[in-house]
There are 2 protein chains.
Amino acid sequence: MKALVFDLDGTLADSTYQHVLAWQRAFAGAGIIVPAVEIHRRIGMDGNLLIAALDRAFSLGLDAAQRANLKTRHAEQFAPMRREIRLFCGAGRVAETLEPLGIRWAIVTSGTMADVAALLDAVHADRADAVITGEDEAESKPAGHPIARACAKLRVNAHDAAVVGDAVWDMLASREAGSLGIGVLTGGYSREELSSSGAFRVYRDIAEFLTRLEEIGVQAG
Amino acid sequence: MKALVFDLDGTLADSTYQHVLAWQRAFAGAGIIVPAVEIHRRIGMDGNLLIAALDRAFSLGLDAAQRANLKTRHAEQFAPMRREIRLFCGAGRVAETLEPLGIRWAIVTSGTMADVAALLDAVHADRADAVITGEDEAESKPAGHPIARACAKLRVNAHDAAVVGDAVWDMLASREAGSLGIGVLTGGYSREELSSSGAFRVYRDIAEFLTRLEEIGVQAG
């Protein structure tokens, strides 16, 4: 294993539940009631895909203007909650843990730069070998393309990289790219949901993962 | 099967995610960072037990004054979110579905009357045969006592009743009381988490459950 690709929301930063409420409020503002759990299980897709998935699941028949409006409303609802988002235990130590081991690393998020800029600073993303945000890729997770792109930037074959994420969409993207999928429980998916979506291992949080890197084939420094 | 005992938050009403943020903000206000998922998986216990469980899990060493303060802060944080809580599909039809079948029903919630009063109105709890709130029982779920008390009020043996809930705590309480546990996915627990906690069946939501009552031994009217 030569490189690690990290998801951000729900994996490094505790933002999933705020995103759930921001989306639920965005839909409610358009007069559409969506159960929170249905949103929760679609967090980690990019916003356009999340809207399209809920549109299909609940036969909403949204037009392009309504979809754009929902994205705007979500951004408005989420913005005031940004300041309460905290990193998970261990998320601030990714760089200092991986650098001595010679492991290259990247962050691949479906989030917008407006929502993730402060979090990227907090996880020392300036020390990452690649950072891909929602703006960078026409095709976002659960497609494998952004993972493949990150691996290209890291100059590793995707087969020599592991994707660390909290959502089944991370596992799906990892599989499509040909990387090893590693789950963390911090986004609210269960161990079984992640395992049955292809996670090779599931850890409680990023802190536990960083203490067990040898379990995925990273050699101790 | 002669009677059904329903949980409220996460089962009839879509309030779990608001409670998660209200508790997280309550802890943050006391300078304590708790990951949202750790709160989520303890929702459905009453507030004192939730605080005690997190105190133990994170070795917080909270004293009585701090615990009381956290409960107060949670109530303050949750209050402004009450108005956005909606019932799940089907939750408003419990009374009209069960009455023609001769099935008695109760609601057993760990919530406080202040938080659940409007929701009880919305689910026509005045037509329920018993309603037990957090104030009514010294010993709340996951203990079986409030389930046993509801069954006594319904004048059924607990073995002839099913408990319908979204949390593993509902399944644990159901088991202790000797009732059949039935899970719904609307609180954000996974199918496997509920099944492995003893749920006999797991339904997507209360609406699906009400269309499949014969699967738990309720005879069609």
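Look above for the structure.
Here the structure is a predicted model, which means the values were calculated and not measured.

Participant: Is there a simple way to think about the overall build of chain A in this case?
Facilitator: Of the regular secondary structure elements, chain A holds 10 helices and six strands. When its C-alpha atoms are laid out on the principal axes, chain A stretches across 55 × 30 × 30 Å. Burial analysis of chain A (221 residues in total) assigns 57% to the buried set. Taking the intrachain contacts of chain A between residues at least 6 apart in sequence as the baseline, contacts between residues at least 24 apart amount to 62%. For chain A, the accessible surface area stands at approximately 8900 Å², while carbon and sulfur atoms represent 49% of it. Looking at chain A, you have 23 positive and 29 negative side-chain charges, and the mean spots of the two groups are 1 Å apart.

Participant: Please clarify how the sheet that holds strand β2 (residues 104-108) of chain B should be interpreted in this entry.
Facilitator: Adjacent strands of a sheet form backbone hydrogen bonds with each other and so pair up, either parallel or antiparallel. Residue and element names in this part refer to chain B. Here six strands make up an open sheet; going across it, the order is β3-β2-β1-β4-β5-β6 and the pairing parallel. Across the chains shown, the open sheet's two edge strands, defined by having one partner strand only, are β3 (130-132) and β6 (201-203). Taken over all neighbouring pairs, the strand axes of this sheet differ in orientation by 20 degrees on average, direction set aside. Against the sheet, helix α7 (residues 145-154) touches β1 (3-6), β2, β3 and β4 (161-165), its axis set at about 150 degrees to β2.

Participant: Even after reading the chapter, I still don't get the side chain of R41(A), so can you show me in this structure?
Facilitator: Relative to the helices and strands, R41(A) is located in the loop between α2 (36-40) and α3 (47-57). Reaching out from R41(A), the side chain makes a polar contact with the side chain of E193(A) at a distance of 3.0 Å. Beyond its immediate stretch of four places on either side in the chain, R41(A) contacts W169(A), G188(A), Y189(A), E193(A), Y17(B), G188(B), Y189(B) and S190(B).

Participant: Is there a simple way to think about the sheet that holds strand β6 (residues 201-203) of chain A in this case?
Facilitator: All names here are of chain A. The six strands are arranged β3-β2-β1-β4-β5-β6 in an open sheet whose pairing can be described as parallel. At either margin of the open sheet sits one strand with a lone partner, and together these are β3 (130-132) and β6. Ignoring which end each strand starts from, the neighbouring axes of this sheet average 20 degrees apart. Taken together, the three bridges between strand β2 (residues 104-108) and β3 define a ladder with parallel strand orientation. Across the sheet, the residue bridging to V108 is I132, located in β3.

Participant: Before we go on, may I ask you to explain the nonpolar core in this structure?
Facilitator: One recurring pattern in soluble globular proteins: nonpolar side chains tend to sit buried together. Among the nonpolar cores identified, the biggest contains 102 residues, and F6(A), F27(A), F209(A), F6(B), F27(B) and F209(B) are the most heavily contacted of them. When residues no more than four places from it in sequence are discounted, the contact partners of F209(A) are L4(A), F6(A), V164(A), I182(A), Y203(A) and I216(A).

What counts, and at which threshold
- Residues numbered from 1 in each chain as written.
- Chains lettered and ligands numbered in written order.
- Predicted model: local features only at pLDDT ≥ 70, side-chain atom pairs only at ≥ 80, totals over all residues.
- Heavy atoms only, no water.
- Helix = DSSP H or I, 4+ residues; strand = E, 2+ residues; numbered from the N terminus.
- Buried < 20%, exposed > 50% of the residue type's maximum accessible area, 1.4 Å probe, protein only.
- Contact = heavy atoms within 4.5 Å.
- Areas by Shrake-Rupley, 256 points an atom, 1.4 Å probe, with all protein chains shown as cover.
- Lys, Arg positive; Asp, Glu negative; His and termini not counted.
- Charge placed at Lys NZ, Arg CZ, Asp CG, Glu CD.
- Pairing = 2+ DSSP bridges.
- Axes fitted to C-alpha atoms, helices over the stretch in contact; angles between N-to-C directions.
- Polar contact = N/O pair within 3.5 Å; in protein donor to acceptor, adjacent residues only side chain to side chain.
- Core = buried A, V, L, I, M, F, W, Y, C linked by side-chain atoms within 4.5 Å.

Nothing here speaks to function; it is all geometry.
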